[in-house]
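# Report on the structure
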Amino acid sequence: MRHLFGGSTSDYAMERVGNQLLLRPGATGTVWDAVTGGTQLTDLIDISGSPIESVAAAIDGAVTFYGPDGVAACFVDFGYGRRYVMVPADVVASFAGQLDGLVAEAADDATAKATSAKEAAITAAASSAAALYLPSAVTTVDDYFQGATALTPRFFAHRGGGMVRPEHTLVGYRASAAQGFPLEISVNVDASGELWCIHDTTMDRTTNRTGNVNSYTTEEIGQQALTNKDMLGPGWAAQPMVSLRQVLDEFLGKVIILLEAKGNDAVVPLETLLDTYYPHAPNSVIWKAHIGTASLPWAKSRGYRTWVYLDVGTSDATMDGKDSLVDYWGVQTTFTDLRVQQVVARGKPVFAWPVYRRSQAARLTGFGVVGIMASDPRYVSTALPQRTASRWDLQVKESGGTPTIDYDSTYALQFAPAPDVGWVSIAAVPNQSYGLGTYCPIQAGAGGYRISFDMKHKVLPASTLHGGFYFGKVGDDAYRFGTSNTTGGYHMVLRASGDMQLYRHTAGSTTGTQIGSTIATAAPVADTAMSFQINVTPTTVELKRTDGAGWTTGAIADTTYRGGYCGLSNGSVTDVTTRPYWRRLVITQL
């Protein structure tokens, strides 16, 4: 930019004569960059725009010209013995423009700094508030798993303990947390963007509603959706669904949480919720996800431990591709022994799911699994009975109850309505049974133990068909009459003819072997109770029907099986209307 010099009352060609300054019209001067010496400036332009190398005073002695580009001060020599300094005539306008620019720049800078300071203050305030509002983890993820081995595995409440309480409900989470078990929590998002604790992306299986979760508003779910209790008995009240916010506010930092977004549309809302409101979450939350998820980079960038579960067909190459983002691997109970061992051999902790039985946990930990996700963790994690007498009149499913097919309401224990309250049955035939793990392993006294119960048929089956009771099994694997079973034991039968018998069932065999004689008792009467005792001593087994006199097999010398697991059996009944019912189970030490 060229500055304009001259044009002011001071810019004239003058000569000092004595004590006077006299104007010198037409005088020619040269322009320099210093008061003495320096370099002559010749890149000048006159007022009309023509290039000049020197300046000439007008007829009145005034001097006006444009200096070289960027020059803001110069010195003019008219040959009168000294040089006079000249400053730009447009300096005020130029300065004003620069000042405006500086002011604008300063304003922008101040705004940016103020915004930054505001954001920093908000972040600091949020962190401080979170530190006050959210509890620091009582037990962190790393602390919880420190020392976990196959001999000392960790147990988690799958679906909040869904085999003994309505799954993914507050009542379930509270009970499992009170027992000290980490919570496995699945979430899906509704139409309003709220996250709800529910395993399926639809409402059909677990609630009284149908359709996709994301088709319901928060208000509709909160006021109208109740969780089903089909597997748990009419003694349970239907439970409301619970939002993730409520669960995190109550449990975060108090127990370990394994958290998973089940539907793809729930992933980002879950990430945003955790980022925004729960900065402590990585301390006590494990990010649970399927091997195919794309969410692992986010989880690891936030400091979460990750549990990644596999499919039966997941390849080693797929696992290798995700390995750097995985802290714990997940295997299914349906995996072969070899595949479980292969995953364990990769060197990272392995958790298994879904585990319903102690026998499943024993198999998996035998291969090196250190985490057991069980929907009945209290039962699976212990090795002792929880009671010795039934309370079936309360119509609430007991811990340790194991049907032949797990987590399926079709095979669940059924509680009879009035006037038969207290009676239970299995509404699936044929060859179905129900394990009574809550009484197992039965604790024998010095003389053994006695199992007492009542049984009846509301409608009698054909005379050769029977129901009964199995016992003496070493494990809680499923028992099926007429089917090859994993472990052996005994089963008693009472046929509709009144014939009473004891059998051994051998592991791997589809047929039983009768021990002792067939005892002819009175034929059952429809909807009329019969009473039985099974006596197991260190050396004998005996079956009695006690609603009549003298109906006993006698003490049979047989010590083949002395396991402590027992259960109810539909035996050979083929019509569900003729199935047996049981009540008043009591275990007594002898």
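Below you will find a few notes about this structure. Quick caveat, the model's predicted, so the values are computed rather than measured. (Residues numbered from 1 in each chain as written. Predicted model: local features only at pLDDT ≥ 70, side-chain atom pairs only at ≥ 80, totals over all residues. Heavy atoms only, no water.)

## So, helix α5 (residues 244-251)
Of the residues making up α5, those classed as buried are Leu 244, Val 247, Leu 248 and Phe 251. Within α5, the buried residues cover an arc of 95 degrees as seen down the axis, which keeps them to one side. Where α5 is buried, its residues contact α3 (170-178), β13 (183-189), β14 (195-197), β17 (257-261) and α6 (267-277). Count one or two residues on from α5 and you reach Gly 253, which has phi positive near 90 degrees. (Buried < 20%, exposed > 50% of the residue type's maximum accessible area, 1.4 Å probe, protein only. Helix = DSSP H or I, 4+ residues; strand = E, 2+ residues; numbered from the N terminus. Arc of directions from axis to C-beta. Contact = heavy atoms within 4.5 Å.)

## Side note on the sheet that holds strand β29 (residues 489-495)
With respect to topology, seven strands assemble into an open sheet ordered β23-β26-β36-β28-β29-β30-β31, the strand pairing being antiparallel. Of all strands in the sheet, those with a lone pairing partner are β23 (401-403) and β31 (512-520), marking the two edges. The average undirected angle you get between the axes of adjacent strands in this sheet is 20 degrees. Judged from the three bridges that link them, β23 and strand β26 (residues 433-436) form a sheet pairing that is antiparallel. By the bridge assignment for β26, Pro 403 is matched with Tyr 434. (Pairing = 2+ DSSP bridges. Axes fitted to C-alpha atoms, helices over the stretch in contact; angles between N-to-C directions.)

## So, helix α11 (residues 358-366)
Think of an α-helix as turning once every 3.6 residues; residues three or four places apart then point the same way. Regarding α11, the residues found buried are Arg 358, Gln 360, Ala 361, Leu 364 and Thr 365. Mapping the buried residues of α11 onto a view down its axis gives an arc of 155 degrees, with all of them on the same face. Each element contacted by the buried residues of α11 is listed here: α10 (337-344), β21 (350-355), β22 (371-374), α12 (377-380) and β36 (565-569). Downstream of α11 by one or two residues, Gly 368 has phi in the positive range, about 105 degrees.

## Thoughts on the pairing of strand β33 (residues 540-545)
Remember that side chains alternate between the two faces of the sheet whenever the strand is regular. Here β33 lies mainly inside the structure; five of its six residues are buried. Here strand β32 (residues 530-536) pairs with β33 via five bridges, running antiparallel. Along β33, the bridge assignment pairs Ile 534 with Leu 543. Where β32 folds back on β33, the antiparallel hairpin that results is connected by three residues. Bridge count between β33 and strand β34 (residues 551-552): two bridges; the pairing is antiparallel. When the sheet's bridge partners are listed, Arg 545 is paired in β34 with Trp 551. Linking β33 to β34, which pair antiparallel, is a turn of five residues; within it Gly 550 sits at a positive phi near 80 degrees.

## Some words on the side chain of Glu 271
Along the chain, the position of Glu 271 falls in helix α6. Within the buried core, Glu 271 has no salt-bridge partner, and the shortest N-O distance to an opposite charge, that of Arg 302, equals 6.7 Å. In this view, Glu 271 contacts Trp 287, Ser 295 and Trp 298; residues no more than four positions away in its chain are not counted. (Lys, Arg positive; Asp, Glu negative; His and termini not counted. Salt bridge = Lys/Arg side-chain N within 4 Å of Asp/Glu carboxyl O.)

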